[in-house]
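# Observations on chain architecture
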Amino acid sequence: MSLADKGQRLGLRLIAKAGGLPGLKDKEVRAKVERYLYKGAVTGFKAQTAAGRAFTKKQGSGGPARAATAKPKPLFDLTPTEDQQMIQGVARELADEIIRPAAATADAERAVPAEVRTAAAEVGLHLVGVPAELDGIAEERSAVTGAIVLEELARGDMGIATAIMAPAAVATAIAAYGDADQQATYLPEFTGETPPTATLALHEPQPLFDPFALRTTGRVEGDEIVLDGVKAIVPGAEAADLFIVSAAIDGASRLVLVKPGTEGVKTEDDPAMGVRAAKTARLHLEGARVAKSDLLGTAEDHADAVRRARLAWAAAAVGTSQAVLDHVSEYVKERKAFGEPIGYRQAVAFTVSDIAIELAGLRLVVWKAAARLDRGEDASAEIAQARSLVSRHATWIGSSGVQLLGGHGFVKEFDNERWYRDLRGAGVLEGTLLV
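Residues numbered from 1 in each chain as written. Predicted model: local features only at pLDDT ≥ 70, side-chain atom pairs only at ≥ 80, totals over all residues. Heavy atoms only, no water.

Within an unreviewed UniProt entry, the label attached to the protein chain reads Butyryl-CoA dehydrogenase, and the organism entered is Janibacter indicus. The Cofactor (unreviewed entry) field of the UniProt record for the protein chain holds the comment "FAD". Under the UniProt heading Sequence similarities (unreviewed entry), the entry covering the protein chain gives this text: "Belongs to the acyl-CoA dehydrogenase family." (UniProt positions renumbered as here; feature names shortened; annotations may be inferred.)

What follows is the structure, encoded as structure tokens:
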């Protein structure tokens, strides 16, 4: 059975499983499931489109639509809701059945198979941050839901997860920060039958990059903004239909919508150590002119996007770290040396235990930060903690996953070396993903 066939059956099978959930006795919950099923049905036969599609400028009616703020729970509780558990199940089966089997090839070829992209689009996870009012699947904006989805997908493979969720970050940003005209112009393409390839480009090729001290600049000339600078490690830039880039404009860091066909916009291949399936490239802006109306949101929205992107990478690191733990837990029980499983040795057993401990702590901080965002509270401290833990402990988890396999950890027969490379970048990359 092809990946496309498996992907198409995936959505129907998951809905069938979801039908047995006790929560679906509630009419409102069942209505949401039916909407997910509808979204999967109308996107079931998508084909990849060529880069450079034309976005027809449209005028929105009234003010921009925004997803409702998540309702605070009476007690602090990180237990996923029934809706979140259902979406988690969708992402988990997608990771197990579609993403993981394709991961090694995607990494080696620096390309996500079209069948995988189609299967991912069928379940509609790229619309998890777009309000239902705008034909998305979000009843409310939930960073927790976004973190859960990224965690599950990255457990399959971080590179593929980055590639297939990069457009979701753009759609989420337009839904959260865009005005009514921008929403009317761009979001119908994301919610339609052939969603575009798009990416959120914040990172720049400089040591100790600070997203609030940008070297990419923009100057206002009449009704246009002239952009100059370079963005680095931009997933899928060579085939992108739309970019959201960050630039220092009039002394403030802002987000700008940029179309690939704009004069002065060029791409250059930029292979990275990790997330290779996302086929990263550099985006060169050389006197690129965009309309002032392409400014997206405010300076505060740029800061919000930076924080949410950092949390998204931390969530992806949780998923890949979970993949490491799952694998080494079984490996040390099966691998024998001197007549017994190597897991019987304290040094090995304690290392596996430490991986589980550090992973549990990282997941708790990520979910706590996401929960604070959903309550409309300042989560800056928790996001900074999550990023620090990813830089320190997730990298150690990846390294330990390689070390526990001995010589096997150094070869591509096992996934551990790829997980290690991916985890090395999760604590330093900016943009691309969003919750």
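More follows now that the structure is in view.
This part takes up the packing of aromatic side chains. Applying the stated criterion to the full structure yields 2 aromatic pairs. A centroid spacing of 5.0 Å and a plane angle of 50° characterise the contact between Phe55 and Tyr186, whose relative ring orientation is tilted. Taken together, the residues span a long stretch of sequence, with Phe55 in the loop between helix 2 (27-42) and strand 1 (68-69) and Tyr186 in helix 7 (residues 180-191) at a distance of 131 residues. The class of Tyr186 is buried, set by a relative accessible area of 4%. A centroid spacing of 6.0 Å and a plane angle of 85° characterise the contact between Tyr331 and Phe414, whose relative ring orientation is edge-to-face. Of this pair, Tyr331 sits in helix 8 (residues 299-334) while Phe414 sits in the loop between helix 10 (380-403) and helix 11 (416-426), and the two are 83 residues apart along the sequence. Taking relative accessible area as the criterion, Tyr331 reaches 10% and is therefore assigned buried. Given the relative accessible area of 18%, Phe414 is considered buried. (Phe/Tyr/Trp six-rings, centres within 6.5 Å; stacked < 30°, edge-to-face > 60°. Helix = DSSP H or I, 4+ residues; strand = E, 2+ residues; numbered from the N terminus. Buried < 20%, exposed > 50% of the residue type's maximum accessible area, 1.4 Å probe, protein only.)

Take empty space enclosed by the protein next. Here the structure, examined in full by the defined rule, presents 3 cavities of 30 Å³ or more. When its volume is computed, the second largest cavity comes out at roughly 140 Å³. In terms of lining, the second largest cavity is formed by 14 residues, of which the most central are Val128, Gly129, Gly146, Leu434 and Val435. Top contributing element to the lining of the second largest cavity by residue count: helix 5 (residues 143-156), with 4 residues. (1 Å grid on protein atoms, 1.4 Å probe; cavity = no way out; pocket = protein on both sides within 12 Å on 5 of 7 lines; lining within 4 Å. Points joined across faces, edges and corners; volume = space filled by probe spheres on them.)

Quick look at the environment of Ala70 now. Within the secondary structure, Ala70 sits in the loop between strand 1 and helix 3 (82-109). What makes Ala70 buried here is its relative accessible area of 12%. Between the C-alpha atom of Ala70 and that of Ala143, which follows or precedes it by 73 residues, the distance is 9.3 Å.

With that out of the way, let us pick up the pairing of strand 7 (residues 252-258). Working note: regular strand, side chains alternate between the two faces of the sheet. The element strand 7 is largely enclosed, with a buried count of 6 among its 7 residues. Relative to strand 7, strand 6 (residues 242-249) is paired through 7 bridges, and the arrangement is antiparallel. When the bridges of strand 7 are listed, Ser246 appears paired with Leu255. Counted along the chain from strand 6 to the antiparallel partner strand 7, the turn is 2 residues long, and its residue Asp250 has a positive phi close to 55°. Relative to strand 10 (residues 295-296), strand 7 runs antiparallel, the two sharing 2 bridges. When the sheet's bridge partners are listed, Val256 is paired in strand 10 with Leu295. (Pairing = 2+ DSSP bridges.)

Another point: the side chain of Asn416. One can find Asn416 in helix 11. Residue Asn416 is classed as buried on the basis of its relative accessible area of 1%. In this structure the side chain of Asn416 is engaged in a polar contact, spanning 3.3 Å, whose partner is the side chain of His327. Side-chain polar atoms of Asn416 contact the backbone oxygen of Gly401, separated by 3.1 Å. (Polar contact = N/O pair within 3.5 Å; in protein donor to acceptor, adjacent residues only side chain to side chain.)

Mapped onto the fold, Ala299 is located in helix 8. Along the primary structure Ala299 and Leu255 are separated by 44 residues, whereas in three dimensions their C-alpha atoms are 7.9 Å apart. Sequence-distant contacts of Ala299, defined by excluding residues within four places in its chain, comprise Ala252, Ser253 and Arg254. (Contact = heavy atoms within 4.5 Å.)

This next bit is on helix 10. Its 24 residues give helix 10 an end-to-end C-alpha distance of 34 Å, which sits within 8% of 34 Å, the value for a rise of 1.5 Å per residue. A maximum bend of about 35° is found in helix 10 at Val390. (Expected span 1.5 Å × (residues − 1). Bend = angle between axes of the 7 residues up to and from the residue.)

Now for the packing of helix 5 against helix 9 (residues 346-374). Running from amino to carboxyl end, helix 5 crosses helix 9 at an angle of 145°, the nearest separation of the two axes being 7 Å. Here helix 5 contributes Ala143, Val144, Ala147, Ile148 and Glu151 to the contact with helix 9, which in turn contributes Arg363, Val366, Trp367, Ala370, Ala371, Leu373 and Asp374. Its residues placed into classes, the contact of helix 5 with helix 9 shows 9 nonpolar, no polar and 3 charged. (Axes fitted to C-alpha atoms, helices over the stretch in contact; angles between N-to-C directions. Nonpolar A, V, L, I, M, F, W, Y, C, P; charged D, E, K, R; others polar.)

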